[in-house]
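# Examining the three-dimensional arrangement
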Amino acid sequence: MADAARLKSAVYRATNDDAGDGEGDPAAMIEVDSILKDHPELIAEGVKHIKARIKDKSTSVSVISLHVVDQCMQSNGFQFQVHVIKKVLQRVLKFAYVNKGTPQQVQQLSASLIKKWASTYGTDARMSEFASAARELAKQEEKSLRVAQARSPSMGSAPNPRAIGSPSQQQQFQARMNRQ
């Protein structure tokens, strides 16, 4: 039980931005890795604690926690990666979607990690969920792009709903105004 408490504390310290530098505590990250390597039975517990920190309301804590889960996936191998598939992958995928509720920094890092994990781990048939998540993200990104393109005309700005005349008349007027 003492190791589980040490792990929880180390995850908290590794994902906390006390220094305000967006880095977390590197010594605590080493401690997390060490505990997980010495006690693989605590991997599920470690993933649970990291997931909780990923969901934190603080953008910097979420970003640091995403980096921590990525580092742990690299250093703790298949068993850790499987727990990430089960408990964290869908949350990271949700954050990777472009939406109003997710801070841009968290969204971009999440999308980057989904793509990285797909190329790194998704080719292993036992971890095909990483590739599936990347395909789902690509579909969502394509859909968002189509919606954005449909909202903005070729001139690059939305039409003015208070403008008088047809769009072509408005373009002619704008062209005359630009010449003056």
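Quick caveat, the model's predicted, so the values are computed rather than measured. (Residues numbered from 1 in each chain as written. Predicted model: local features only at pLDDT ≥ 70, side-chain atom pairs only at ≥ 80, totals over all residues. Heavy atoms only, no water.)

What follows covers the overall build of the protein chain. Across its full length, the protein chain carries eight helices and zero strands. Ordered by position from N to C terminus, the α and β elements of the protein chain give α-α-α-α-α-α-α-α. Burial analysis of the protein chain (180 residues in total) assigns 37% to the buried set. Long-range contacts, defined as pairs at least 24 residues apart, comprise 62% of the intrachain contacts of the protein chain with a sequence gap of at least 6. Summed over its atoms, the accessible surface of the protein chain is roughly 10900 Å², and 52% of this surface lies on carbon and sulfur atoms. (Helix = DSSP H or I, 4+ residues; strand = E, 2+ residues; numbered from the N terminus. Buried < 20%, exposed > 50% of the residue type's maximum accessible area, 1.4 Å probe, protein only. Contact = heavy atoms within 4.5 Å. Areas by Shrake-Rupley, 256 points an atom, 1.4 Å probe, with all protein chains shown as cover.)

The next point concerns the confidence of the model for the protein chain. Counting all residues, the mean pLDDT for the protein chain is 88, and 84% of those residues have values of 70 or more. Within the protein chain, helix α3 (residues 43-54) carries the highest mean pLDDT (97), whereas helix α8 (residues 167-179) carries the lowest (68). (pLDDT = per-residue confidence, 0-100.)

Our next topic: the nonpolar core. Looking at soluble globular proteins, one finds that nonpolar side chains tend to be buried together. Counting 45 residues, the largest nonpolar core has F80, I114, W117 and F130 as the members making the most contacts within it. Contributions of two or more residues to this core are made by α1 (2-15), α2 (26-38), α3, α4 (59-87), α5 (89-96), α6 (104-121) and α7 (128-151). (Core = buried A, V, L, I, M, F, W, Y, C linked by side-chain atoms within 4.5 Å.)

What follows is about the packing of aromatic side chains. Applying the stated criterion to the full structure yields two aromatic pairs. Considering the side-chain rings of W117 and F130, the 5.9 Å spacing of their centres and the 70° angle between planes classify their relative orientation as edge-to-face. Note that W117 is positioned in helix α6 and F130 in helix α7, a separation of 13 residues in sequence. Here the aromatic rings of Y121 and F130 are separated by 5.6 Å at their centres, their planes lie at 45°, and the arrangement is tilted. Both residues of the pair, Y121 and F130, belong to the buried class. In textbook terms, an aromatic cluster arises when at least three aromatic residues are bridged by ring pairs, as seen for W117, Y121 and F130. Positioned above the aromatic ring of F95, the side-chain terminus of R91 is 5.8 Å from the ring centre. (Phe/Tyr/Trp six-rings, centres within 6.5 Å; stacked < 30°, edge-to-face > 60°. Lys NZ or Arg CZ within 6 Å of the ring centre and 35° of its normal.)

Further remarks concern α5. Among all positions of α5, only L89, V92, L93, F95 and A96 are buried. Buried residues of α5, seen end-on, are gathered within an arc of 160° and therefore sit on one face of the element. Considering only its buried residues, α5 is in contact with α3, α4, α6 and α7. (Arc of directions from axis to C-beta.)

Viewed as axis vectors pointing N to C, α5 and α6 meet at an angle of 125°, and their least axial separation amounts to 7 Å. Taken together, the axis directions place α5 and α6 in an arrangement best described as oblique. α6 is crossed by α5, and the crossing has left-handed handedness. Note on element contacts: α6 touches α5 through V106, Q107, S110, A111, I114 and W117, opposite L89, V92, L93, F95 and A96. (Axes fitted to C-alpha atoms, helices over the stretch in contact; angles between N-to-C directions. Parallel < 35°, antiparallel > 145°, perpendicular 65-115°, else oblique. Left-handed = near helix turned anticlockwise from the far one by under 90°.)

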